[in-house]
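Given next are the chains, with one letter for each unit.
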Amino acid sequence: MDVSYNWLNEYVDHDWSPEELAERLTMAGLEVETVRPLGQSLDGVVVGKVTAVREHPNADRLVLCDVDLGDGAPSQIACGAPNVAAGQKVPVATVGTTLSLPDPDDPEARQELTVEARELRGEASNGMICAEDELGLSDDHAGIMVLDDDTPVGTPFPEYLDAHGMPSTDAVLDIELTPNRPDAASHLGVARDVSALADSELRTPTVDTPSPGGPVAEEITVDLRDEAGCPRYVALLVRGVDVTESPLWLRRRLTAIGLQPRNHVVDVTNFVLHECGQPLHAFDLDAIADDTIVVRRTDDETPFTTLDGEERDLPEDTLLICDAEAPVAVAGVMGGANSEVSADTTDVLIESAYFDPSTIRRTAKALDLQTDSSYRFERGVDRDGQVWAAARAAELIAELGGGTVAPGLVDEHPSPPAEKTIALRPDRLTQVLGTEVPTDEGTRLLGAIGFDVEAGEDALHCTVPTWRPDVSIEEDLIEEVARLHGYDQIPEPERVPVPSRTPEQPPEETLERQARQLLKGLGYREIYTNSMLRTDRAERFNVPPAGSDRAPVVETKNPISEEMAALRPRLLPGALEVMQHNRNHGQEALRVFEFGRVFRRATESDDPIVPGYSEHPALLIALSGPHAPTGWDTEPRSADIFDLKGTVETLLDDLRVPDLRLTPRDRDEDAAMVDEAATVTQHHIDVAAGDTPLGTVARVRDDVAADFDLDTPAFVAEFNWAALVDSATAEQHRDYEPVSRFPVVDRDLAVLVHADQPVGPLQNTIREAGAPLLRRVDVFDTYAGEGIDEDAKSVAFTLRFGADRTLTDEEVDAQIATIVKRLEENYGARLRQQ
């Protein structure tokens, strides 16, 4: 939200520069993102009087003006403005003045020009009579700026602007409001905080507020059919208005905060909105059928053309402002083109209402249309500020447009909110803050921001102002005192109690830290990705890891955007986006991991904390690109699934996961899964601890990888971290085992198996059949080709046997025979004879 420094200063006095003010507001909880300077100094610009105007002898579009600058003889200045005339008081940039002028090639940019004495078409010109845009006061270049007749000649122009409340320079503070501070969404709201910080009186404009009833209530009918959506509706009338351009002071107020002036009626409603935070809307009364306002909701989808000229389909249950025949505005969001104020408008109906925040938020989201009004209604405006704002606007419209405020008003307010009083105990204030804030100081600070404070026997009884819907408990009052007193005024304690023992970390945190250290040591980089993504992408990746049932994705009810409409069912899509970004920026070797939570709808097997929804912590490890940097002594190769499998085995061994099993998934099952629309991986290796599934190691399908600009194979391991933690050995230390004094026996074993037979299960079977003498089994060769059947392959293993004694050949031969028999029974394997 933009706040003008000069505008703010109209309501409160302080002696801080814009930068100092920004710092103090930020420390008080109103974070100022930037301070943007506006305008130019205008040194050298003075007030002159045009004493004579005559034609330029050599130019049809120029005239020669004699201008009295108050320093002697008049100066001759050539001018091309159509409205220049003798007798006018005008701003004149004297010779040597530097101005920042609009760039004719770029309306958004400005360029510097130093005024010089020069000849224009053979005639001398000693200065420049200025238009508003040339002075940086507005975008108006229709003619020169004409000043008040009573302005003394020779007066420095900056003094003229100061006297009219229009300093030549300004600064705009961009405040990042938190949702709990709707009261600060206006200049008066920010000024309240400044008045407390500077201990200066707040100057609120004095407004004559009419009483309900009178001629206005007799003429205007308000039918409030939805009290929940619109608890209060106020209407005032201004008659005989001559809709005209706003005066310079009003246009400068609006342009300073980025608003484009239109006409004085619309400009006043925008001015009051940014002054006090209450959105208003002005209707052309002649466009309101039967002088009747009906507040109701749509029964079904309704087409409606808004003020921006777009026809929008309003969804069912949209809150509308209607006349006796048709809708005239989308409540709290934007008015309709069929009732807007135009140059022909004479009678203006001013709407000032309170709308339910959630209702306006839903409408704005559904229409993808956020306005200054909806921004404030969504957060909650002052429940008691409607009459003041409407009366303020009515007075300004009448004053600037020659109209008359009609007596009385309509105020439909069926259920006024009850007054809320909260007790603040000084002892509790001291206890929470850790320092003593004098009661008088606390009373002053709360009073400065609108709380009515009465001292009781043991507490301060604080009546909450209607513009502070966020304050409801004693701790809220303590927070107000703390931020205004100054967090930097709270001293650090001299001593901090230290527990007598180090708190024990939960096992999941210990193992997570251990896993992070290992993966970083193996060359992987940790990433953090958004837990929200597009619904279609969530659906595409909604294939749960091993051990989980498939369930629908979790969609958010009120998404910020389409890109954040669902919660991630897996970590994989975020990791692929990170890998895509790095690949597109020249990184080839991609090694990443992430700890995060994944979400889904609950199934019958779940025991969710939140009914209907399930979430669990997950771990993802992914890699793509070259296995290692190419060097003089290394051959380049791409990383493959076995590289990731090795990482997984190393990690789970380090975490002491017992009875680790890595089992390739049946290829037929893999092929069937690949046909599913949501399947994004293939060639899975299921990872389990005994019978407990932990996750999978897989290759990302090539078409999916290509969608993320990955031109080399990508591999991913996904784990249910909670299941992995439960399976890990509680005691993470390792016992020392001395090297055996007895010799070991190494034997090689080569068997023929079907060409599609994975090797992992063969190793597992050999380990089981060779126990307890078998100490180690490794694959040292695979072969297919000459001398081997076309549908077969040879796999050769090195087996190492050992015991706490010297083994005999007969014992080892017996173990080999048992292993060969088990391989034959389970896999149809046979010994290779050559």
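These numbers come from a predicted model, not from an experiment.

Further remarks concern the side chain of Q88. You can see Q88 is positioned in the loop between β5 (75-79) and β6 (89-93). A relative accessible area of 12% means that Q88 is categorised as buried. Here A85 takes part through its backbone nitrogen, which lies 3.0 Å from a polar atom of the side chain of Q88.

Before going further, it helps to examine the state of the cysteines. Evaluation of the coordinates by the stated rule reveals zero disulfides. Looking at the unpaired C130, the closest cysteine sulfur is the one in C79, lying at 9.5 Å. A residue is classified by how much of its surface remains accessible, and C130, at 0% relative accessible area, is buried. For the unlinked cysteine C322, the closest cysteine sulfur is that of C230, found at 12 Å.

Turning our attention to the pairing of strand β4 (residues 63-68). Bridge analysis of strand β3 (residues 45-55) against β4 gives six bridges, and the strand direction is antiparallel. Residue pairing for β4: R54 is matched across the bridge by L64. As paired strands, β4 and β5 are joined by five bridges and run antiparallel to one another. Each residue of the ladder has a partner; that of V63, found in β5, is C79. Hairpin geometry of β4 and β5 is characterised by an intervening segment of six residues between the two adjacent antiparallel strands and by a positive phi of about 80° at G70.

A sheet is described by the order of its strands in space; here five strands give the open sequence β5-β4-β3-β6-β11, paired in antiparallel fashion. Every interior strand has two partners, whereas the edge strands, β5 and β11 (128-129), have only one. Sheet topology places β3 next to β6; five bridges connect them, and they run antiparallel. Considered in β6, the bridge of V45 is made with A93.

Attention now goes to the pairing of strand β18 (residues 311-314). Only one face of β18 is buried: it carries R312 and L314, and the other face, with E311 and D313, is open. Looking at chain direction, strand β17 (residues 302-305) and β18 are connected through four bridges and run antiparallel. When the sheet's bridge partners are listed, T302 is paired in β18 with L314. With antiparallel pairing between neighbouring strands as the criterion, β17 and β18 make up a hairpin whose turn holds five residues, including G309 at a positive phi of roughly 85°.

Right, let's talk about the nonpolar core for a bit. Among the nonpolar cores identified, the biggest contains 53 residues, and L25, I175, V190 and I350 are the most heavily contacted of them. In terms of residue count, the dominant contributor to this core is helix α10 (residues 386-401) (nine residues). Among the nonpolar cores identified, the runner-up in size contains 37 residues, and I220, L314, V333 and L349 belong to it.

This part covers the pattern of salt bridges. Should the charged atoms of two oppositely charged side chains come close, the side chains can pair. Summed over the entire model, instances satisfying the criterion amount to 52 salt bridges. Across the salt bridge formed by R203 and D13, the nearest N and O atoms sit 2.9 Å from each other. Note that R203 is positioned in the loop between α4 (187-198) and α5 (214-219) and D13 in the loop between α1 (5-9) and α2 (18-27), a separation of 190 residues in sequence. The class for D13 is partly exposed, based on a relative accessible area of 46%. The shortest N-O distance in the salt bridge between R468 and D470 comes to 2.8 Å. Through salt bridges with shared partners, a single network forms among R181, D183, D193, R468, D470, E480 and R483.

Below, the discussion takes up unusual backbone geometry. A cis amide bond, omega 5°, links A771 with the succeeding residue P772. Following the sequence through the fold, P772 ends up in the loop between α21 (759-770) and β38 (774-783). For L42, which is not glycine, the phi dihedral falls at a positive 65°. Backbone geometry places D659, a non-glycine residue, at a positive phi of 50°. Mapped onto the secondary structure, D659 falls in the loop between α17 (641-654) and β33 (660-664).

Take V777: it is sitting in strand β38. For V777 and L173, which are 604 residues apart along the polypeptide, the C-alpha to C-alpha distance reads 71 Å. Setting aside chain neighbours within four positions, we find V777 in contact with Q763, I766, R767, F797, T798 and L799.

Looking now at the sheet that holds strand β34 (residues 681-689). One open sheet accounts for seven strands, arranged β28-β31-β32-β36-β35-β34-β33; its pairing is mixed. Only two strands of the sheet have a single partner each, and these edge strands are β28 (525-526) and β33. Bridge analysis of β28 against strand β31 (residues 590-601) gives two bridges, and the strand direction is parallel. In the strand pairing of β31, E526 is matched with F593. Across the sheet, α17 lies against β32 (613-624), β33, β34, β35 (692-700) and β36 (714-720), angled at about 25° from β36, the strand it touches most.

With 96% of its residues at a pLDDT of 70 or more, the chain shows a mean pLDDT of 90. Between residues 668-678, whose pLDDT stays under 50, and residues either more than four places distant or in other chains, the model counts 19 contacts.

With respect to burial, helix α6 (residues 248-256) is a largely interior element, seven of its nine residues being buried. Looking at α6, one finds that the buried residues are L248, L250, R251, R252, R253, L254 and A256. Elements in contact with the buried residues of α6: β1 (2-4), α1, β2 (31-39), β12 (169-176), α7 (264-276) and α10. Immediately downstream of α6, the backbone of G258 shows phi near 90°, a positive value.

What follows concerns a negative patch on the surface. Together, D299, D300, E301, E311, D313 and E316 give the surface a local cluster of negative charge. Looking at where E311 falls in the secondary structure, it is placed in strand β18. The exposure class of E311 is exposed, given its relative accessible area of 59%.

This part covers the packing of aromatic side chains. Evaluation of the coordinates by the stated rule reveals seven aromatic pairs. Centre to centre, the rings of W7 and F271 are 4.9 Å apart; their planes meet at 5°, and the pair counts as stacked. Pair noted here: W7 is in helix α1 and F271 is in helix α7, with a separation of 264 residues, a long-range link. Note on accessibility: W7 and F271 belong to one class, buried. Ring geometry for F157 and Y160: centres 5.7 Å apart, planes at 15°, overall stacked. With a gap of three residues between them, F157 and Y160 both fall in helix α3 (residues 157-163), about one helical turn apart. Both residues of the pair, F157 and Y160, belong to the buried class. Here the aromatic cluster, defined as three or more aromatic residues joined through ring pairs, consists of W7, W249 and F271. It is R379 that lies over the ring of Y375; its NZ or CZ is 3.8 Å from the centre.

Here the focus is the packing of α6 against α7. With their axes 10 Å apart at the nearest point, α6 and α7 run at an angle of 55° to one another. On the basis of their axis angle, the class for α6 and α7 is oblique. Between α6 and α7 lies a crossing whose hand is left-handed. On α7, the residues touching W249, L250, R253 and L254 of α6 are D267, V268, N270 and F271. Taken together, the residues of the contact of α6 with α7 break down into five nonpolar, one polar and two charged.

Cut-offs used in this document
- Residues numbered from 1 in each chain as written.
- Predicted model: local features only at pLDDT ≥ 70, side-chain atom pairs only at ≥ 80, totals over all residues.
- Heavy atoms only, no water.
- Helix = DSSP H or I, 4+ residues; strand = E, 2+ residues; numbered from the N terminus.
- Buried < 20%, exposed > 50% of the residue type's maximum accessible area, 1.4 Å probe, protein only.
- Polar contact = N/O pair within 3.5 Å; in protein donor to acceptor, adjacent residues only side chain to side chain.
- Disulfide = S-S within 2.5 Å.
- Pairing = 2+ DSSP bridges.
- Core = buried A, V, L, I, M, F, W, Y, C linked by side-chain atoms within 4.5 Å.
- Salt bridge = Lys/Arg side-chain N within 4 Å of Asp/Glu carboxyl O.
- Contact = heavy atoms within 4.5 Å.
- Axes fitted to C-alpha atoms, helices over the stretch in contact; angles between N-to-C directions.
- pLDDT = per-residue confidence, 0-100.
- Patch = residues over 30% accessible without salt bridge, like charges linked within 9 Å, V, L, I, M, F, W, Y side chains within 5 Å.
- Areas by Shrake-Rupley, 256 points an atom, 1.4 Å probe, with all protein chains shown as cover.
- Lys, Arg positive; Asp, Glu negative; His and termini not counted.
- Charge placed at Lys NZ, Arg CZ, Asp CG, Glu CD.
- Phe/Tyr/Trp six-rings, centres within 6.5 Å; stacked < 30°, edge-to-face > 60°.
- Lys NZ or Arg CZ within 6 Å of the ring centre and 35° of its normal.
- Parallel < 35°, antiparallel > 145°, perpendicular 65-115°, else oblique.
- Left-handed = near helix turned anticlockwise from the far one by under 90°.
- Nonpolar A, V, L, I, M, F, W, Y, C, P; charged D, E, K, R; others polar.

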